[in-house]
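What the coordinates show
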Amino acid sequence: MASGEDRISALPEDILHHVLRLLPAHEVVRTCLLARRWRGVWRSVPTLRFTGAKGWGSADMFAQFVDHLLHLRCEGDGPPLDSCDFDFDSDGIMLLPAKEWHASNWLWKALPRVRALRLRLRIVDEQEALPLSYMHLFSQHLTRLELVGVSFNNSVADFSGCPALVELSMDTCDVFMKQLLSPSLKHLRIARCYISDRYRILISLPNLVSLELIECHRGRVPLLGSLPRLARAVVVLNEHCADQCSQDQLDSCGAERRDICYGCYYYYGDPAHGPHYDRNDCIFLKGLSEARDLELSANSDVVVFNRDLKWCPTFTKLKTLLLNDWCLAADHNALICFLQHSPILEKLTLQLSKGPPYVTEAEGIYKPLGQSVASNCLKIVEIKCENVDNKVHKILKILATYGIHLEQISVQQTSGIPGSGCFNFVCTGFSEN
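Each chain has its residues counted from 1, following the order in which its sequence is written. This being a predicted model, a pLDDT of at least 70 is required before a residue's local features are given, and a value of 80 or more before pairs of side-chain atoms are given or counted; all residues contribute to the totals for chains, interfaces and linings. Computation of side-chain values covers all heavy atoms of the structure but excludes hydrogens and water.

With that out of the way, let us pick up the nonpolar core. If you look at the biggest cluster of nonpolar residues, it comprises 118 residues, and the most contacted ones within it are Phe50, Phe86, Leu188, Leu288 and Ile383. For this core, the element with the most residues is helix 3 (residues 59-74), which contributes seven residues. The contact criterion used is simple: two residues touch if any of their non-hydrogen atoms lie within 4.5 Å. With sequence-adjacent residues up to four places away left out, phenylalanine 50 is seen in contact with Ala25, Phe62, Phe65, Val66, Leu69, Leu70, Cys84, Asp85, Phe86, Asp87 and Phe88. Definition used in this section: a nonpolar core is a set of buried Ala, Val, Leu, Ile, Met, Phe, Trp, Tyr and Cys residues joined via side-chain atoms within 4.5 Å. Categorising residues by exposure relies on relative accessible area from a 1.4 Å probe, with only protein chains included: less than 20% of the type maximum marks a residue as buried, more than 50% marks it as exposed, and the intermediate range marks it as partly exposed. Secondary structure elements are defined from DSSP: runs of H or I of at least 4 residues count as helices, runs of E of at least 2 residues count as strands, and each element is numbered from the N terminus.

In structure tokens form, the structure reads like this:
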């Protein structure tokens, strides 16, 4: 100002902290040069954000800065930080093999002193994920952990040493583990990760509330154990899922050689030296049986959902359900199964892709319980599609056969052209032809 008054420096310290927490750590430290008022403000900002070595001249200079700042902020008896973010560009320090030790060291140094920790490396092309040297983490304060571009190669990922941890997110990571342990975890997200195709990750988390498993590459669907508090699950299995049968069977074809059907050969674990799973029990659906909200989407060749229908549990708490085309195989076998095993279901959404009806000559796994629908609570069925075609017509007939009135069914037609809108229809009848 013309008067020379510094009004920004006169702001309360919590306002200054709110502004500074939006800046990278090196910019925050530089504010000590602004005025006498600012000399010590950076030391009490409750967040740290490191954005990579770009612009530092050398990776060594950046590493020295991070080492020194973490020593100042994360060692001693001061209050824990709200968050610490390591957000690195694809051309930054994390790509240098000689600097991998720094990444692990920073993680372990910050971990005991922060409530939320994010380690993010943007993976490009065929670049490998950053390996971490240990998986036994210890922190009394950590509540949220977000990892991107990290590699786990331990048999067990044990988070028991983090009793306050409630949220774990892994994106674009190499997740080669056989078991995930945490007595406190409530929210788990595994997205676009590479998982082993020789064995399954055992997930048995007593306090898990929400689970997201999104488009994992190459690997097997996890083996779900007891999830007694699960309320919501979103599962998307694409064409990269290893649980596929090349013999067009809805169940495992039981191939005894991997050149006949690789997906089914390792379905129950590596016959040579991997773990084996019970051939007479659910792999996945049983673990979801306590959910209130469920979304299950899969590529047409993925067999794990259909196979589990043989031992389909009753979803006693399920109120909303979303399925895609996989549930239409074998005369809508899976759709009928869910209708008859969801006694309080209120809303069903069918998300249909463009293309011909799902065709398979395999016999359905599930044997319907007559022609009655278990739920008397069903209020609406939404069918989302690009065209109201023969596929939709058959679904309407199945729903009507199993006791669902047409006025409960809403068909939402999208043109498939961005920005062109959609049309909603309420069914009043259909022709047998």
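That covers the picture; the talk isn't over yet.
As a further point, take the environment of lysine 384. Structurally, the position occupied by lysine 384 is in strand 20 (residues 380-385). Excluding its chain neighbours within four sequence positions, the residues that come into contact with lysine 384 are Thr349, Leu350, Gln351, Leu352 and Gln412.

By the secondary structure assignment, histidine 17 is in helix 1 (residues 13-20). Linking histidine 17 and proline 46, residues 29 residues apart in sequence, is a C-alpha distance of 7.3 Å. Leave out the neighbours within four places in its chain, and histidine 17 touches Val41, Ser44, Val45 and Pro46.

We define a salt bridge as a contact between a side-chain nitrogen of Lys or Arg and a carboxyl oxygen of Asp or Glu at a distance within 4 Å. In total, this model carries 19 salt bridges according to the counting rule given. Its salt-bridge partner being lysine 286, residue aspartate 281 comes within 3.7 Å of it at the nearest N-O pair.

Our next topic: the state of the cysteines. The disulfide criterion used throughout: a pair of cysteine sulfur atoms within 2.5 Å. Here the structure, examined in full by the defined rule, presents zero disulfides. The thiol sulfur of cysteine 84 is not disulfide-bonded, and the nearest other cysteine sulfur, from cysteine 74, lies at 5.9 Å. Sulfur of cysteine 193: no disulfide; nearest cysteine sulfur belongs to cysteine 173 and is 4.7 Å away. For cysteine 193, a relative accessible area of 0% corresponds to the buried category.

Right, let's talk about the packing of aromatic side chains for a bit. Two rings from Phe, Tyr or Trp (for Trp, the six-membered ring) form a pair when their centres sit within 6.5 Å of each other. Planes less than 30 degrees apart are called stacked, planes more than 60 degrees apart edge-to-face, and all others tilted. Considering all chains together, one arrives at eight aromatic pairs under this definition. Relative to phenylalanine 338, the ring of phenylalanine 315 lies with its centre 5.3 Å away and its plane at 25°, an arrangement referred to as stacked. A residue pair is termed long-range when its members are at least 10 positions apart, and phenylalanine 315 in the loop between helix 6 (304-308) and strand 18 (320-324) and phenylalanine 338 in helix 7 (residues 329-340) qualify at 23 residues. Judged by relative accessible area, which is 0%, phenylalanine 315 ranks as buried. Relative accessible area serves as the criterion here: at 1%, phenylalanine 338 is assigned to the buried category. It is lysine 178 that lies over the ring of tyrosine 199; its NZ or CZ is 5.2 Å from the centre. Two thresholds decide whether a charge sits over a ring: the Lys NZ or Arg CZ must be within 6 Å of the ring centre and within 35 degrees of the ring normal.

With that out of the way, let us pick up the pairing of strand 1 (residues 47-50). Only strands joined by at least two bridges in the DSSP assignment are considered to pair. Pairing analysis gives four bridges linking strand 1 to strand 2 (residues 81-88), with the strands arranged parallel. Bridging from a neighbouring strand, arginine 49 pairs with aspartate 85 of strand 2. With the strands pointing away from the viewer, any crossover whose connection runs clockwise from the first strand over the helix to the second is right-handed. Read from strand 1 through helix 3 to strand 2, the crossover connection turns out right-handed.

What follows is about the sheet that holds strand 7 (residues 156-158). Spatially, the four strands line up as an open sheet ordered 7-10-13-15, and their pairing is parallel. The open sheet has two edge strands with one neighbour each: strand 7 and strand 15 (223-224). Pairing of strand 13 (residues 202-203) with strand 15, which is carried by two bridges, proceeds in the parallel orientation. Bridging across to strand 15, isoleucine 203 finds its partner in leucine 224.

That's the geometry; what it means functionally is another story.
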